[in-house]
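The primary structure of each chain is shown beneath.
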Amino acid sequence: MTPLHLRPSLLAVAISLAAAAPVAGQVAVSVTIDPAADRAPISPWIYGTNFDLGAPVTAMRQGGNRMTGYNWENNASNAGSDYLHNSDNYLTWQAGITGSAENTPGIVVTDFHDDARSLGASYSVVTLQLAGYVARDKSGVVTTAQVAPSSRWVPISFAKPTALSTTPDTTDGAVHMDEFVHFLVQRYGSASTATGVRGYCLDNEPDLWSNTHARLHPGQPTCAELVARNVDGAKAIKRVDPAAETFGFVSYGFAGYNDFQGAPDWAAERTKGSYRWFVDYYLDQMKKASDTAGVRLLDAIDLHNYSEAQGGGVRVNDATTWDNIDCNKARMQAPRTYWDPTYIENSWIGQWFSSFLPLLPNVRSSIDTFYPGTKLALTEYNFGGESHISGGIAQADTLGIFADQGVYLATWWQLHTNPTYIAAAFRLYRDYDGDGSTYGDTTVSASVNDRATCSVHASVDAADPTRLHVILLNKSYDQSATASFTIAGTRRYTSARIFAFDSAGATITERAAVSSITNNTFTYTLPALTAAHLVLSAPADTPPTITTHPASTSVTAGGSATLTVVATAAGSGTLTYQWRLDGVDIAGATSAAYTLPSAQAFHAGSYTCVVHDGTTSTTSNAATLTVTPAPASSARLLNISTRALCLTGDGVLIPGFVLSGDGSRRMLIRAVGQRLAQAPWNLAGTLPDPQLTLKRRNPATQAYDDVVSNGDWGANANAAAIASTAASVYAFGLGAGSGDAAVLVDVAAGSYTVHASGAGTAATGIAIVEVYDTSASGPAIVNLSNRGHVGVGGEVMIPGFVISDEGALTLLIRAVGPRLGTTPFNLSGVLADPVLTIYRGQEPILSNDDWGSGPGAAATVSTAAAVYAFSLQSGSADAAFVVTLPPGGYTVQVTGKGGATGTALAELYVVP
């Protein structure tokens, strides 16, 4: 849209309203609120505007049609179709910048950012130019003969080939976008600072460029062009200021969301994926580009939304007089199109595209499917009625909807003069009592049984948990609403203050309070056409009492330790628990007793437990856990195994192990598939007819030479010895004729691999490779590794091992995925985020999904160096830990976080 002016004067004009005082009708509604349900943080940036509204705002955006052709080097801009395609100094003029200052580089943007900060907006968003050209001069009308490229335009570039400067070279033939961002960072600091520009819109309404800017971009943009320009613009921003957030594609409205305004390549591009609408395609393409670039290029999908809803034959945001009551009524219902599946607006969208309504859940579904983690922004929206009570109620409802629906940033755009009621709606949330008090920071469950008559939104605030904020809106023209409130939970609210504006005026006044609330139920009557903010108060909470605090204790590494707290609730609330180590929450430690089944050195520290009763909490005294080193022992690994999905080609199952020491050791080595399909495992999809080959690395050539092979253990000459040896080491029996493979072989120190595959070229399935130490002396197993495919269900990777009875053993265990995608491995299809869990029997005793997090990270690094393991990159999602374990059998499970699949490497090193 084109601004009337960037900071419109808000005159206190007395307006005669068409709405009369409510008549004596009344409707009953039921309001239900649960402060413990549907809790979600409210983004502080939803209370934003594109102009100085004269009301408290948290975010401001500088956008509009003028910004597409804005030249930051000299402040020239082009009006496009808004005014004769005129290139001029309009942006400096309307900001009151005159004389030589008009040519100061970037002054239009710096003046905006300075004003935003002075108005209390801690988040400012500016526009980056992407359409190819910006205005070269301020010489008036650009004719059809001067369409870009021509002398009236200067091309943009995203990467200046020479050093970036805060004093741009206006003679170098281009306006550089990375230099524009650099200019702002040098002046205000990074977006990560309190003073920096925090966000950049990737231009403005590109779906309309060929219409609004026919002299700048005469051809209709294509889908592929949009993505390419967004990617280049985002890269320019992120190179200079990685903390800055990008907002794209800044669409003008639903036809843009649907098919990019009928883009000429939409039909072809749509075949590249399962896309319902252009929103899906855009998110998917930006996700793919981000993955390739190694940096998120789109932080928020940015949509403009000017209501298409109609009432009384008029579009709700077109009306400027208030005698069309049907239009006024439709305006107050129109915000429901954002969230309410029971409402279909009276518009061409409601008629032909109702499957995309309600809008915000549909956009959220697209985000979750195609680019998870992308935020949602509406940097222009308007429901009209700026100087009428219906507009104030619609705006108040919209702000509540944005809070409930998890919108990240929203900036209202002014269409008409005197937005007194819009300002009142903002104050209802940001300054309802005239003393700076605000709506809460966490939305909670709130519903009303009659959505056409009333809207309700509720929140709580971390700063004062004894208060409950409720926005109640009566949209009825002629009936007061008697609302019966029921509030769930153990907190007992006792009174409520009421602040409201109505059809008599946009000034918020305090109304008669609710002085007595009994058992969290009360009734309140709200007059017709009234927007109210109810602030419910409860007595201060009495926290739980801890009767037994956890006691300090000491444990040998690998042993079990338990910490216990005993507490009672002051009221009827149910107690919950959260244990902390050195002040940091321990994931999953949410019971009165916290047990470490295998305490490690990195578990040592100060433990506290936070006991919560649903409303308030008490923290226990600290207990110190001391972990002493395990005594030296001669323990060794007796048995190692790996269960995983065996594929073909590079996907065959290849565990490896290293023997260190003198002499030789007799090993029983097996590759089992068919036996796993029988009781007690009964696995589906096991490997038929496994083939086994033991290979040893030749120190001279570094190649792995065959040692022995087998495809049917029962066909071996020493089959009887294989069976008796298996029984002696407590290995499960294979059964005659099973088709599984096994060998009994004497091996010396060295590096070995066991290749397990299916007979033939296409056989695949789940298999287990086992290596049993059957000798009393000889070289010991010091390393186990396995690279293979990690799937889900029965296709996860499960290495296993047994520690001998001589004492505890310290091990470095790792599950590597992302590191395999880097030099020198350079594998594709790696597991993006491995999760590593070690079990004793069925009991999980230790887990990790990020080796660099937690107090054990330093030990992981130093131990890896000591055992000559390759290093893991800082910040990678590989998993690892150093662990001391007593004698017994263990399994290690490698899975992908969130059910992801891919190639991973499981490793186990004995720490000397």
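For the structure, check the block above.
Residues numbered from 1 in each chain as written. Predicted model: local features only at pLDDT ≥ 70, side-chain atom pairs only at ≥ 80, totals over all residues. Heavy atoms only, no water.

> Could you give an account of the overall build of the chain, with specific residues and numbers?
In terms of regular secondary structure, the chain is built from 15 helices and 50 strands. C-alpha atoms of the chain, sized along the principal axes, occupy 105 × 75 × 50 Å. For the chain, buried positions account for 55% of its 912 residues. Taking the intrachain contacts of the chain between residues at least 6 apart in sequence as the baseline, contacts between residues at least 24 apart amount to 74%. Of the roughly 34400 Å² of accessible surface on the chain, 52% is carried by carbon and sulfur atoms. (Helix = DSSP H or I, 4+ residues; strand = E, 2+ residues; numbered from the N terminus. Buried < 20%, exposed > 50% of the residue type's maximum accessible area, 1.4 Å probe, protein only. Contact = heavy atoms within 4.5 Å. Areas by Shrake-Rupley, 256 points an atom, 1.4 Å probe, with all protein chains shown as cover.)

> Kindly report on helix H11 (residues 359–370), identifying the contributing residues and their values.
Relative to the 16 Å expected for twelve residues at 1.5 Å per residue, H11 spans 17 Å between its end C-alpha atoms, a close match to the ideal helical length. Turning to H11, its buried residues are Leu-359, Leu-360, Asn-362, Val-363, Ser-366, Ile-367 and Phe-370. Considered in projection along H11, the buried side chains sweep an arc of 165° and stay on one side of the axis. Next to the buried residues of H11 lie helix H6 (254–259), helix H8 (278–293), strand E14 (300–306), strand E17 (375–382) and helix H12 (389–404). (Expected span 1.5 Å × (residues − 1). Arc of directions from axis to C-beta.)

> Can you break down the nonpolar core residue by residue, with the values?
Among the nonpolar cores identified, the biggest contains 124 residues, and Leu-184, Phe-278, Tyr-282, Ile-301, Tyr-338, Phe-402 and Phe-426 are the most heavily contacted of them. Core analysis: the next-biggest nonpolar cluster, separate from the first, contains 51 residues, Ile-803, Ile-838, Leu-846 and Tyr-890 among them. (Core = buried A, V, L, I, M, F, W, Y, C linked by side-chain atoms within 4.5 Å.)

> Describe the pattern of salt bridges, naming the residues involved and giving the relevant values.
Applying the stated criterion to the full structure yields 26 salt bridges. The residue Asp-291 makes a salt bridge to Lys-287 at a minimum N-O spacing of 2.7 Å. Note that Asp-291 and Lys-287 are positioned in helix H8 at a spacing of four residues, about one turn of the helix. Look at Lys-287 and you get partly exposed, because its relative accessible area is 25%. Connected through shared salt-bridge partners, Arg-636, Arg-665, Asp-773 and Glu-806 make up one network. (Salt bridge = Lys/Arg side-chain N within 4 Å of Asp/Glu carboxyl O.)

> Give a description of the packing of aromatic side chains that names residues and reports values.
Here the structure, examined in full by the defined rule, presents 39 aromatic pairs. Note on Tyr-257 and Trp-277: the rings are 6.4 Å apart at their centroids and 85° apart in plane angle, and the pair reads as edge-to-face. Remark: Trp-277 occurs in the loop between helix H7 (266–270) and H8 and Tyr-257 occurs in helix H6; sequence separation between them is 20 residues. According to the relative accessible area criterion, Trp-277 is buried, its value standing at 0%. Each ring, one from Phe-485 and one from Phe-522, has its centre 4.4 Å from the other, and the planes form 5°; the classification is stacked. Of the two residues, Phe-485 is situated in strand E22 (residues 479–487) and Phe-522 in strand E25 (residues 521–526); the sequence distance between them amounts to 37 residues. By relative accessible area, Phe-522 is classed as buried at 7%. Among the aromatic residues, those joined into a ring-pair cluster are Phe-249, Phe-260, Trp-266, Tyr-275, Phe-278, Tyr-281, Tyr-282 and Phe-370. Positioned above the aromatic ring of Tyr-408 is the side chain of Lys-375, whose terminal nitrogen or guanidinium carbon lies 4.2 Å from the ring centre. Directly above the aromatic system of Phe-870 lies the positively charged group of Arg-814, at a separation of 4.6 Å from the ring centroid. (Phe/Tyr/Trp six-rings, centres within 6.5 Å; stacked < 30°, edge-to-face > 60°. Lys NZ or Arg CZ within 6 Å of the ring centre and 35° of its normal.)

> So what's going on with the pairing of strand E33 (residues 593–596)? Which residues, and what values?
Side chains Tyr-594 and Leu-596 of E33 all project onto a buried face; the interleaved residues Ala-593 and Thr-595 project onto a face where none is buried. As defined by bridge partners, strand E29 (residues 561–564) adjoins E33 across four bridges and the pair is classed as antiparallel. From the neighbouring strand, Leu-563 faces E33, where its bridge partner is Tyr-594. (Pairing = 2+ DSSP bridges.)

> Describe the packing of H8 against H11, with residues and values.
Any two packed helices are characterised by the angle at which their axes cross and by the distance between the axes. The geometry of H8 relative to H11 is characterised by a closest axis approach of 9 Å and an angle of 30° between their N-to-C directions. In terms of orientation, H8 lies roughly parallel with respect to H11. For the pair H8 and H11, the sense of crossing is right-handed. Within the contact between the two elements, H8 uses Val-279, Asp-280, Leu-283, Asp-284 and Lys-287 and H11 uses Ser-366, Ile-367 and Phe-370. Considered class by class, the residues forming the contact of H8 with H11 number four nonpolar, one polar and three charged. (Axes fitted to C-alpha atoms, helices over the stretch in contact; angles between N-to-C directions. Parallel < 35°, antiparallel > 145°, perpendicular 65-115°, else oblique. Left-handed = near helix turned anticlockwise from the far one by under 90°. Nonpolar A, V, L, I, M, F, W, Y, C, P; charged D, E, K, R; others polar.)

> For the sheet that holds strand E9 (residues 140–141), give the residues involved together with the corresponding values.
Overall, antiparallel pairing links the three strands, which are arranged E5-E6-E9 in an open sheet. What marks the edges here is a single partner per strand, and that holds for strand E5 (77–78) and E9. Bridge count between E5 and strand E6 (residues 86–88): two bridges; the pairing is antiparallel. In the sheet register, Ser-77 faces E6, and the bridge partner there is Asp-88.

> An account of the environment of Ile-325 is needed here, citing residue identities and associated values.
Along the chain, Ile-325 falls in helix H9 (residues 325–333). Residues Ile-325 and Gly-311 lie 14 residues apart in sequence; the distance between their C-alpha atoms is 8.3 Å.

> Pulling in residues and values, what's your account of helix H15 (residues 857–866)?
Residues of H15 that are buried: Ala-857, Thr-860, Thr-863 and Ala-864. What you see down the axis of H15 is that its buried residues fit within an arc of 130°, all on one side. Turned more than 90 degrees away from the buried face of H15 sit Ala-858 and Ala-865, all of them exposed. Here the buried face of H15 lies against strand E45 (809–816) and strand E48 (879–885). Remark: Tyr-868 follows H15 within two positions and exhibits a positive phi of approximately 65°.

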